[in-house]
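Chain by chain, the residues:
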Amino acid sequence: MRTIAIVNQKGGCGKTTTAVNLAGALTQDGGRVLVVDMDPQAHATLALGLDPESLDENLYEVLAEPCEGPGSGRLASIVQAISEDLHLAPSGIVLSALEQKLTAERAERRTERLEAALASVHRDYDFAIIDCPPNVGVLTFNALRAAREVVVPLETSDFAIHGVQKLLETIALLSDRIGHELSVRILPTLYDGRTRFARETLAEIRELFGDLCFDTVIRSNIKVREAARRGRPIGFYARSANGARDYGALALELSLAGAPEDRAQPEGEVTSTAGDREVVVRYRDPGATDVRIAGDFNGWVPDKDVQSLVQAEGPERVWTKILNLPPGTYHYRYVVDGEWREDPDNPNAVPGPVGGRNSVLVVR
Ligand SMILES: Nc1ncnc2c1ncn2[C@@H]1O[C@H](COP(=O)(O)OP(=O)(O)OP(=O)(O)O)[C@@H](O)[C@H]1O
Ligand SMILES: [Mg+2]
């Protein structure tokens, strides 16, 4: 099961719309999908045609129980079937009391509840799509801990870029702390190509986030609102509307990319020594004369604590860097003739706090 959290602390950027319609599109591609409504506003529950007030139980009953207690295996008992392949773990206003309820717990225990609950259904679904509330509290932290992938919708009709850098840093920090990598992608939403503002914002998003940005752009489409009001994913309501096409394209893009754990790891041979691992990375460049490596493992001081070799391979020069690192997740860049660059051979990269992108290395 691939678990994808839809996260942005900014309200109204299309999180719920994305959760519900991406889920619908994935089922139309043959997937079995669970939508997890982690927002006490219960908009995803409503958008899938259920009245949260009329449901006897919701996620609160599952998450309020300790992970190892009677609640841990009971997620399946609160799940509602929307269609054969589309299921929902519903929310309700009571979910807003969860933070209060869990204050006595250690921070760690507070945030691992959803992960434990989803573990009990991981064979039943191909995807779990988690809709998060517009804040980064205990509910969103539960979602980030449970997920391996994060989609951040960014409104192209607003000054949406502000605040996103901070969110990405929070996610990177959390992913370090919980010891698993989170693959984060940006999704431009509410796009109206007729306005210059939206065109410029989209260009800015693409420039800033590069490959982290999906190719798919979700256009503003009135049918999307109508479908939500009717309680159905857009693909079930108006198959040929732009909204259905866009979420279909997003589902396809996600499916083609595959789960992050199945993607190629960066070039690097990892062999075990006592405690630390020896990690070998290589940089090829015919034009460069000086290549060093800097990252959080050496305090961002180029080539500090690094063994370095240079070899000629035909017209290319190859720099080999040998690092001794304990298991963990590291961010780094190459410094090529004084210029800081991401690793061209490493598909895993995140935006750096001062612009550009940092490559990410996982040592297991
Ligand atoms: N592609 C779209 N076309 C038209 N309307 C849209 C589209 N995406 C979202 N909307 C509308 O914009 C509003 C906000 O969207 P949505 O509820 O998905 O945002 P959200 O990020 O989940 O908000 P919140 O932070 O409050 O949970 C809703 O009224 C929704 O119907
Ligand atoms: Mg929402």
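Quick look at the structure, then. This structure is a prediction, so every number in the text was calculated from the model and none was measured.

Attention shifts here to the site of ligand 1. For ligand 1, the set of nearby residues contains 18 residues, the closest of which are Lys 15, Thr 16, Thr 17, Arg 219 and Asn 221. Take Cys 13: an N or O atom from its main chain is 3.0 Å from an oxygen atom of ligand 1. Residue Arg 219 places a main-chain N or O atom 2.9 Å away from a nitrogen atom belonging to ligand 1. Here ligand 1, which alone exposes 620 Å², has 83% of that area covered by the protein. Of all the elements in the fold, those that place two or more residues in the shell around ligand 1 are helix H1 (15–28) and helix H11 (222–230). The biggest single contributor to the shell around ligand 1 is H1, with three residues.

Its identity as a non-glycine residue notwithstanding, Ala 42 has a phi of 55 degrees, on the positive side. Mapped onto the elements, Ala 42 comes out in the loop between strand E2 (33–37) and helix H2 (43–47). A positive phi angle, close to 65 degrees, is found at Asp 303, a residue other than glycine. With respect to the secondary-structure elements, Asp 303 resides in the loop between strand E10 (291–295) and strand E11 (307–313).

Before going further, it helps to examine the nonpolar core. Where a protein is soluble and globular, its nonpolar side chains tend to be buried together. In this structure, Leu 34, Val 36, Leu 59, Leu 75, Leu 118, Ile 130 and Phe 209 are the most contacted members of the largest nonpolar core, which totals 49 residues. Broken down by element, this core gets its largest block of residues, six residues, from helix H9 (residues 164–178). In this view, Ile 130 contacts Thr 3, Ile 4, Ala 5, Ile 6, Val 36, Met 38, Leu 114, Leu 118, Ala 143 and Ala 146; residues no more than four positions away in its chain are not counted. Listed in part, the 31 residues of the second largest apolar core include Leu 22, Val 151, Ala 244 and Leu 250.

What follows covers the sheet that holds E2. Here we have seven strands laid out as an open sheet, ordered E3-E4-E2-E5-E1-E6-E7, and mixed in their pairing. At either margin of the open sheet sits one strand with a lone partner, and together these are strand E3 (80–81) and strand E7 (183–189). With four bridges joining them, E2 and strand E4 (residues 86–89) adopt parallel strand pairing. Bridging from a neighbouring strand, Val 33 pairs with Leu 86 of E4.

Pairs of packed helices are described in terms of their axes, by the angle between the two and the distance that separates them. At their nearest, the axes of helix H8 (residues 138–146) and H9 sit 10 Å apart, and the two run at 60 degrees to each other. With respect to H9, the element H8 is oriented oblique. For the pair H8 and H9, the crossing hand works out as right-handed. The residues of H9 that touch H8, namely those facing Phe 141, Leu 144 and Arg 145, are Thr 170, Ile 171, Leu 174 and Ile 178.

Once that is clear, we can look at the packing of aromatic side chains. Under the definition given, this model contains four aromatic pairs. Centroid distance Tyr 283 to Tyr 334: 4.7 Å. Interplanar angle 55 degrees. Geometry classified as tilted. Here Tyr 283 is found in strand E9 (residues 277–284), whereas its partner Tyr 334 is found in strand E13 (residues 328–336), with 51 residues between them in sequence. The pair formed by Tyr 283 and Tyr 334 is uniform in burial state, with each residue classed as buried. Ring centres of Trp 300 and Trp 340 lie 6.3 Å apart, and the angle between their planes is 40 degrees; this geometry places the pair in the tilted category. Placement of the pair is Trp 300 in the loop between E10 and E11 and Trp 340 in strand E14 (residues 339–341), with a sequence separation of 40 residues.

With that settled, consider the pairing of strand E6 (residues 149–155). Among the seven residues in E6, seven count as buried, and that is most of the element. Side chains Glu 149, Val 151, Pro 153 and Glu 155 project from E6 onto one buried face, and the interleaved Val 150, Val 152 and Leu 154 project onto a second face that is buried too. Taken together, the three bridges between strand E1 (residues 2–6) and E6 define a ladder with parallel strand orientation. If you follow Ala 5 over to E6, its bridge partner there is Val 150. Judged from the seven bridges that link them, E6 and E7 form a sheet pairing that is parallel. By the bridge assignment for E7, Glu 149 is matched with Ser 183. The parallel pair E6 and E7 is bridged by H9, and the resulting crossover is right-handed.

Each value, and the rule that gives it
Residues numbered from 1 in each chain as written. Chains lettered and ligands numbered in written order. Predicted model: local features only at pLDDT ≥ 70, side-chain atom pairs only at ≥ 80, totals over all residues. Heavy atoms only, no water. Near = heavy atom within 4 Å. Polar contact = N/O pair within 3.5 Å; in protein donor to acceptor, adjacent residues only side chain to side chain. Areas by Shrake-Rupley, 256 points an atom, 1.4 Å probe, with all protein chains shown as cover. Helix = DSSP H or I, 4+ residues; strand = E, 2+ residues; numbered from the N terminus. Core = buried A, V, L, I, M, F, W, Y, C linked by side-chain atoms within 4.5 Å. Buried < 20%, exposed > 50% of the residue type's maximum accessible area, 1.4 Å probe, protein only. Contact = heavy atoms within 4.5 Å. Pairing = 2+ DSSP bridges. Axes fitted to C-alpha atoms, helices over the stretch in contact; angles between N-to-C directions. Parallel < 35°, antiparallel > 145°, perpendicular 65-115°, else oblique. Left-handed = near helix turned anticlockwise from the far one by under 90°. Phe/Tyr/Trp six-rings, centres within 6.5 Å; stacked < 30°, edge-to-face > 60°. Right-handed = clockwise from strand over helix to strand, strands pointing away.

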